[in-house]
Amino acid sequence: MLVAHRTRGDELYSVRAATIYAELTEQFTVRRRLGELLALATDLYPGLLPDRLQLSYDRQRMQQHKLGLEFDHGLLASWWLDDAVCGAHLIDSMTAPLPKALVLLNELREFDQVDLGVVRVERNGVAGEVTLQNHAFLNAEDVTSVRALELAVDLVLLDDRIEIGVLRGAPATHPKYAGRRVFSSGLNLTHLVQGRIPLVDFFLNRELGAMNKILRGHPVDGPSGGPERRHEKPWIGALETFAIGGGCQILLVCDQVIGETGSYFSLPAGREGIIPGLGGMRLARVFGDAQSRLAVTTKVTYPADSPLGRQLVGTVVEPAEMTDAIAACVAEQTEVGAISARANRRAMRIAAEPVDLLRRCLANYTRDQAECLFDPALTGNLHRIWRRSVS
């Protein structure tokens, strides 16, 4: 079925994708998120995409029983991202603050904290501390947590009293790790097996939203062209216990990573039959090509205090010293002034991952992840790995 969809979609989108995008954005004058664009396209171009009722029904199925209707969304989004003008506009639109964040900003300014359920935001001096607290799943990522993380990142970026963001896991309530801080156990495999990890609302919103906002910040309105202008802030990631899969991907977009002794990170999505976001590309900048391939395709883990681990983790401290180490890093990163800190991170980011490189990688990722999600091989991989993880 996917082969037929791919062939039909490629023939259609190669001719119409850019024109459709321009019409949906009123000739690039309106910023719309990917989900909104796809919903509008469904309504305005009957037959182009699965209708809302069909899609709603398919989303209620277990992953192994899905018809793969969301593949068409991934294919169209891929063509949009592959177009230089449409892709750049979509990336810019997806990094704009969420409307809910603009409402919650008043709460943060008044109380210095906002509890988003599975994520909490607190202002501590010039630091915006984002605490991951999805306790039921050891900070595993799902639709709810990804949305909450994006809101939290927005709030840190929007509050002009905050100069730097900090990402850290809350003390766990899980019996095995009770009282220990855990950064993230990666993708919520239970939800994926149950068919509750959609392509757009999870995978694409995550890469284009929360992840890209940590790396690039918010767009700044003004005339087009000229030097890159974005409202961004540096981020510190605290690696405690472990950062698996998506957790590792988050650390890869942080400016500084502090790890506790005994902690580790890994990026095993390739073994599950999916793509670890843009983690492979970013890990290759840390490790080089050969080691990053090994990381994605095998069970290898990287202790924070190992030679390879130290290529990502800049500072390793004892668990009891983590809070003080974060405070020291905040002070060090902000003492030179916010303008200088942001300018230096921008220069390094543009050199390492220019927007056009991001766009081209996302175009392929979007299409490939859609194919992986509805590949029958994924079902076998998932049940084998999932049964082991819950046993």
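It should be emphasised that the depicted structure is a prediction, and the values quoted were computed from it without experimental measurement.

Engineer: Looking at this structure, how should I read the pairing of strand S4 (residues 164-169)?
Structural biologist: Side-chain direction in a regular strand flips from residue to residue, so the side chains alternate between the two faces of the sheet. For S4, the tally of buried residues reaches six of six residues, placing the bulk of the element in the interior. On S4, burial covers both faces: Ile164, Val166 and Arg168 on one face and Gly165, Leu167 and Gly169 on the other are all buried. Relative to S4, strand S3 (residues 127-132) is paired through six bridges, and the arrangement is parallel. Its bridge partner being in S4, Val130 is matched across the sheet by Leu167. In this fold, S3 hands off to helix H7 (residues 143-158), which returns the chain to S4; that crossover is right-handed. Here S4 runs beside strand S7 (residues 235-239); their pairing, made up of three bridges, is parallel. The partner of Leu167 across the bridge, within S7, is Gly237.

Engineer: Just checking my understanding: could you explain the sheet that holds S4 for this structure?
Structural biologist: Working definition: the strands of a sheet are paired by backbone hydrogen bonds and lie parallel or antiparallel to each other. Strands sit in the order S1-S2-S3-S4-S7-S9-S12 across an open sheet of seven strands; the sheet is mixed. Each edge of the open sheet is held by one strand with a lone partner, namely strand S1 (113-115) and strand S12 (315-317). Within the sheet, the average angular offset between the axes of one strand and its neighbour, ignoring direction, is 20°. Contacting S1, strand S2 (119-124), S3, S4 and S7, H7 runs over the sheet at an angle of about 15° to S2.

Engineer: Where do I start with the nonpolar core in this structure?
Structural biologist: A general feature of soluble globular proteins is that nonpolar side chains tend to end up buried together. Membership of the largest hydrophobic core comes to 49 residues, with the highest contact counts inside it found for Leu116, Val130, Leu149, Leu167, Trp235, Leu239 and Phe265. Element by element, the count of residues in this core is highest for H7, at nine residues. In this structure, Leu48, Leu49, Leu81 and Ile197 belong to the second largest nonpolar core, which totals 46 residues.

Engineer: Help me understand the packing of helix H5 (residues 84-94) against helix H16 (residues 355-373) in this model?
Structural biologist: Packed helix pairs are characterised by how far apart their axes lie and by the angle those axes make with each other. The contact between H5 and H16 brings their axes to 10 Å, and the two run at 100°. On the basis of the axis angle, H5 is roughly perpendicular to H16. Residues Ala84, Gly87, Ala88 and Ile91 of H5 touch H16, and the partners they reach there are Val355, Leu358, Arg359 and Leu362.

Engineer: How should I be thinking about helix H2 (residues 34-44) in this particular structure?
Structural biologist: Owing to its 3.6 residues per turn, the α-helix aligns residues three or four sequence positions apart on the same side. Of all the residues in H2, the buried ones are Leu34, Leu37, Leu38, Ala41 and Thr42. All buried residues of H2 fall inside an arc of 140° around its axis, so they share one side.

Engineer: Got a minute to help me understand the environment of Asp159 in this structure?
Structural biologist: Note that Asp159 resides in the loop between H7 and S4. In this structure Asp159 comes out as buried when scored by relative accessible area, which is 0%. Separated by 212 residues in the primary sequence, Asp159 and Glu371 have C-alpha atoms spaced 39 Å apart. Leaving out residues up to four positions away in the same chain, Asp159 has contacts with Leu105, Leu108, Arg109, Arg123 and Lys233. Polar contacts involving the side chain of Asp159 include one to the side chain of Arg161, which spans 2.8 Å.

Engineer: Please explain the state of the cysteines as it appears in this structure.
Structural biologist: In protein structure, a disulfide is the covalent linkage between the sulfur atoms of two cysteines. Under the criterion given, the structure shown has zero disulfides. Considering cysteine sulfurs only, Cys329 is the nearest to Cys254, which forms no disulfide, with 10 Å between them.

Engineer: What is the right way to read the pairing of S7 from this model?
Structural biologist: With five of its five residues buried, S7 lies for the most part within the structure. Of the two faces of S7, the one carrying Trp235, Gly237 and Leu239 and the one carrying Ile236 and Ala238 are both buried. Inspection of the sheet shows S7 paired to strand S9 (residues 256-260) by four bridges, in the parallel sense. When the bridges of S9 are listed, Ile236 appears paired with Gln256.

Engineer: Mind showing me how you'd approach the packing of aromatic side chains here?
Structural biologist: Two descriptors summarise a pair of aromatic rings, namely the distance from one centre to the other and the angle between the planes of the rings. All chains considered together, the criterion is met by eight aromatic pairs. Seen in terms of ring centroids, Phe287 and Tyr302 are 4.7 Å apart; in terms of plane orientation they differ by 50°. Their pairing is tilted. Note that Phe287 is positioned in helix H12 (residues 279-287) and Tyr302 in strand S11 (residues 302-303), a separation of 15 residues in sequence. On the basis of relative accessible area, Phe287 is assigned to the buried category, the value being 11%. An aromatic cluster is present here, built from Tyr21, Phe28 and Trp80 joined pairwise through their rings.

Engineer: Looking at this structure, I do not really get unusual backbone geometry. What am I missing?
Structural biologist: Backbone geometry follows two general trends: most residues other than glycine have a negative phi, and most peptide bonds adopt the trans configuration. For Glu26, which is not glycine, the phi dihedral falls at a positive 50°. In this fold, Glu26 is placed in the loop between helix H1 (2-24) and H2. With a phi close to 65°, Thr241 is a non-glycine residue in the positive phi region. Mapped onto the fold, Thr241 is located in the loop between S7 and strand S8 (242-244). Judged by its relative accessible area of 3%, Thr241 is buried.

Rules behind the numbers
Residues numbered from 1 in each chain as written. Predicted model: local features only at pLDDT ≥ 70, side-chain atom pairs only at ≥ 80, totals over all residues. Heavy atoms only, no water. Buried < 20%, exposed > 50% of the residue type's maximum accessible area, 1.4 Å probe, protein only. Helix = DSSP H or I, 4+ residues; strand = E, 2+ residues; numbered from the N terminus. Pairing = 2+ DSSP bridges. Right-handed = clockwise from strand over helix to strand, strands pointing away. Axes fitted to C-alpha atoms, helices over the stretch in contact; angles between N-to-C directions. Contact = heavy atoms within 4.5 Å. Core = buried A, V, L, I, M, F, W, Y, C linked by side-chain atoms within 4.5 Å. Parallel < 35°, antiparallel > 145°, perpendicular 65-115°, else oblique. Arc of directions from axis to C-beta. Polar contact = N/O pair within 3.5 Å; in protein donor to acceptor, adjacent residues only side chain to side chain. Disulfide = S-S within 2.5 Å. Phe/Tyr/Trp six-rings, centres within 6.5 Å; stacked < 30°, edge-to-face > 60°.

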